[in-house]
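Observations on the three-dimensional arrangement
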Amino acid sequence: MEQLFPPVFLLRTLLPGHNQFAPGPPVALYDKRSDTNDQYKIPTPTSPDPAKPYVTLTFAQSLDAKIAGVGGKQLTLSGKDSMVMTHWMRTMHDAIMIGIGTALNDNPQLNTRHLPALSGSKYHLPRPIILDSSLRLPLDCKLIQNYKEGRGRRPWVIGQVSENSDWVTRKQALEAAGARVIEVKGENGRISIPVLLTTLRTLGIRSLMVEGGAQVIRSFFAEANSVNTIIVTVAPTFVGNDGVGYGDDLVSTAGCAVV
Ligand SMILES: NC(=O)C1=CN([C@@H]2O[C@H](COP(=O)(O)OP(=O)(O)OC[C@H]3O[C@@H](n4cnc5c(N)ncnc54)[C@H](O)[C@@H]3O)[C@@H](O)[C@H]2O)C=CC1
Ligand SMILES: Nc1nc(O)c(N)c(N[C@@H]2O[C@H](COP(=O)(O)O)[C@@H](O)[C@H]2O)n1
């Protein structure tokens with residue numbers, strides 16, 4: 001059976017009304033079998049809290065909960081369909097967030113290139129946002145290059161506010177290269193997730209897809225009420241203890257007994 005795009009369950013999961021018994025507002029689905037109109041616009045999920053964006057935390061992991069290989073080696077954990085699903089999610093969100101560890105390790109593009117081609121219009125591209133306390137994002141990274149070449153939105157770099165002269169120099173260099181640096185309060189290189197979310201909402205971000213990496217996933221899991229939906233692709237494989245995991249020091253907040 002041919003798949004409906006975007007996957008119906010994604011819309012049900014991310015759009016209003018999904019967790020209520022009353023149906024949400026009607027949603028037009030893009031059906032690639034009968035598409036004669038390229039003006040399809042995918043709605044974005046909205047947060048029940050108007051002061052914060054809707055947050056979707058999504059990543060791919062192995063059966064032993066590793067998201068990368070030894071030394072951070074980037075792994076292809078998602079299959080083709082799952083990767084397409086990830087790209088649907090990207091186009092459904094206003095912005096997509098990664099940590100600087102991922103930016104340095106993977107040099108990602110965070111675009112929607114795996115979606116079926118449109119002839120007359122373009123998919124919404126999410127704004128890339130990098131959590132980068134010390135402003136280490138390379139000036140020649142793909143996110144900045146794609147923006148300069150008109151193939152991506154201007155990246156926003158979230159730095160931990162500092163008066164250190166090196167930091168100020170890096171901020172100037174990033175802005176000259178095309179990125180926008182947003183200063184947020186933090187502590188020991190960690191930016192407060194609640195402060196981050198309210199800042200982003202103030203800047204117009206209604207929905208945020210958080211892709212990782214390990215430290216960022218851990219930070220969102222550790223912060224109560226910061227995530228609206230979690231979508232994890234689980235690959236039927238084991239990476240082993242030396243792979244990169246996100247859950248080593250997480251504790252249950254659900255009051256579950258350990259048996
Ligand atoms: N399988 C998957 O779906 C994904 C895998 N990855 C993998 O994750 C690895 C990178 O993960 P990490 O090294 O852990 O780097 P990371 O991408 O989680 O970035 C961590 C950095 O973000 C900054 N940061 C600022 N505020 C923070 C906060 N509140 N919480 C956490 N970090 C904050 C810090 O500078 C910190 O060093 C790579 O190997 C990459 O391939 C990354 C994304 C998705
Ligand atoms: N969904 C998913 N499955 C995997 O197997 C992955 N390795 C990742 N990685 C994430 O995607 C980013 C790469 O994005 P581009 O292909 O460059 O657009 C990578 O940085 C991780 O965030 N995701």
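Not measured: the values here are computed from a predicted model.

**Observations concerning the site of ligand 1**
As a structural note, the neighbourhood of ligand 1 is formed by 25 residues, with Ala-60, Gly-72, Thr-102, Ile-191 and Ser-219 the closest of them. Take Asn-105: an N or O atom from its side chain is 3.2 Å from an oxygen atom of ligand 1. Ala-214 places a polar main-chain atom, nitrogen or oxygen, 3.1 Å from an oxygen atom of ligand 1. Computed on the free molecule, ligand 1 has an accessible area of 860 Å², of which 88% lies beneath the protein chains in the complex. With respect to the detected pockets, ligand 1 is housed in the largest pocket.

**Quick word on the nonpolar core**
Counting 30 residues, the largest nonpolar core has Leu-10, Met-89, Ile-130, Leu-137, Ile-144, Val-157 and Leu-174 as its most contacted members. Of all the secondary-structure elements, those providing two or more residues to this core are α1 (8-14), α2 (80-92), β3 (95-99), α3 (100-106), α4 (142-148) and α5 (165-177). With five residues, the single largest contributor to this core is α2. Ala-95, Ile-191, Val-216 and Tyr-246 belong to the second largest nonpolar core, which has 25 residues in total.

**Regarding the site of ligand 2**
Inspection of the region around ligand 2 gives 17 residues, with Leu-75, Leu-77, Ser-78, Gln-109 and Arg-113 positioned closest. In this structure, Leu-75 approaches ligand 2 through a main-chain N or O atom, which is 2.7 Å from a nitrogen atom. Its free accessible area being 520 Å², ligand 2 has 86% of it covered by the protein chains. When atoms are counted within 2 Å of each cavity's grid points, the one that captures over half of ligand 2 is the largest pocket. Of all the secondary structure elements, the ones that give two or more residues to the shell around ligand 2 are α2 and α3. It is α2 that contributes the most residues to the shell around ligand 2, three residues altogether. The residue makeup of the shell around ligand 2, split by class, is six nonpolar, seven polar and four charged.

**Here's the deal with empty space enclosed by the protein**
Scanning the model with the defined rule gives one cavity of 30 Å³ or more in all. What the largest cavity holds in volume is close to 70 Å³. Every residue along the wall of the largest cavity is listed here: Gln-109, Leu-110, Asn-111, Leu-125, Pro-126, Pro-128, Leu-143, Asn-146, Arg-151, Gly-152 and Arg-153. Its residues placed into classes, the lining of the largest cavity shows five nonpolar, four polar and two charged.

**Some remarks on the sheet that holds strand β6 (residues 180-184)**
One open sheet holds the seven strands; their spatial order is β6-β5-β4-β3-β9-β1-β10, and the pairing between them is parallel. This sheet does not close on itself; its edge strands, each paired only once, are β6 and β10 (229-235). Sheet twist, expressed as the mean angle between neighbouring strand axes with direction ignored, is 25°. Two elements, strand β1 (residues 54-62) and β10, share seven bridges in a ladder whose sense is parallel. Bridge pairing links Ser-62 to Ala-235 in β10. Sheet strands touched by α5: β5 (156-160) and β6. Its angle to β6, the strand with the most contacts, is close to 145°.

**Topic: unusual backbone geometry**
The peptide bond linking Gly-212 to Gly-213 adopts the cis configuration, its omega dihedral lying at 0°. You can see Gly-213 is positioned in the loop between β9 (207-212) and α7 (214-222). The backbone phi angle of Asn-188 is positive, close to 50°, even though this residue is not glycine. Relative to the assigned elements, Asn-188 resides in the loop between β7 (186-187) and β8 (190-191). Positive phi, close to 60°, is recorded for Asn-225, a residue that is not glycine. With respect to the helices and strands, the residue Asn-225 is situated in the loop between α7 and β10.

**With respect to the packing of aromatic side chains**
Under the definition given, this model contains four aromatic pairs. Between Phe-59 and Tyr-246, the aromatic rings sit 4.9 Å apart at their centres with planes inclined by 65°, giving edge-to-face as the arrangement. Residue Phe-59 is located in strand β1, and its partner Tyr-246 is located in the segment after β11 (244-245); the two are separated by 187 residues in the primary sequence. Relative accessible area serves as the criterion here: at 6%, Phe-59 is assigned to the buried category. The interplanar angle of 90° and the centroid separation of 5.6 Å between the aromatic rings of Trp-88 and Tyr-123 together place this pair among those described as edge-to-face. Taken together, the residues span a long stretch of sequence, with Trp-88 in helix α2 and Tyr-123 in the loop between α3 and β4 (127-131) at a distance of 35 residues. Per residue, the accessibility class of Trp-88 equals that of Tyr-123, and both read buried. A connected cluster of aromatic rings, assembled from ring pairs, spans Phe-59, Phe-221 and Tyr-246. The ring of Trp-156 carries the charged tip of Arg-180 above its face, separated from the ring centre by 4.8 Å.

Criteria and cut-off values
- Residues numbered from 1 in each chain as written.
- Chains lettered and ligands numbered in written order.
- Predicted model: local features only at pLDDT ≥ 70, side-chain atom pairs only at ≥ 80, totals over all residues.
- Heavy atoms only, no water.
- Near = heavy atom within 4 Å.
- Polar contact = N/O pair within 3.5 Å; in protein donor to acceptor, adjacent residues only side chain to side chain.
- Areas by Shrake-Rupley, 256 points an atom, 1.4 Å probe, with all protein chains shown as cover.
- 1 Å grid on protein atoms, 1.4 Å probe; cavity = no way out; pocket = protein on both sides within 12 Å on 5 of 7 lines; lining within 4 Å.
- Sits in = over half its atoms within 2 Å of the grid points.
- Core = buried A, V, L, I, M, F, W, Y, C linked by side-chain atoms within 4.5 Å.
- Buried < 20%, exposed > 50% of the residue type's maximum accessible area, 1.4 Å probe, protein only.
- Helix = DSSP H or I, 4+ residues; strand = E, 2+ residues; numbered from the N terminus.
- Nonpolar A, V, L, I, M, F, W, Y, C, P; charged D, E, K, R; others polar.
- Points joined across faces, edges and corners; volume = space filled by probe spheres on them.
- Pairing = 2+ DSSP bridges.
- Axes fitted to C-alpha atoms, helices over the stretch in contact; angles between N-to-C directions.
- Contact = heavy atoms within 4.5 Å.
- Phe/Tyr/Trp six-rings, centres within 6.5 Å; stacked < 30°, edge-to-face > 60°.
- Lys NZ or Arg CZ within 6 Å of the ring centre and 35° of its normal.

Purely geometric numbers; function is a separate question.
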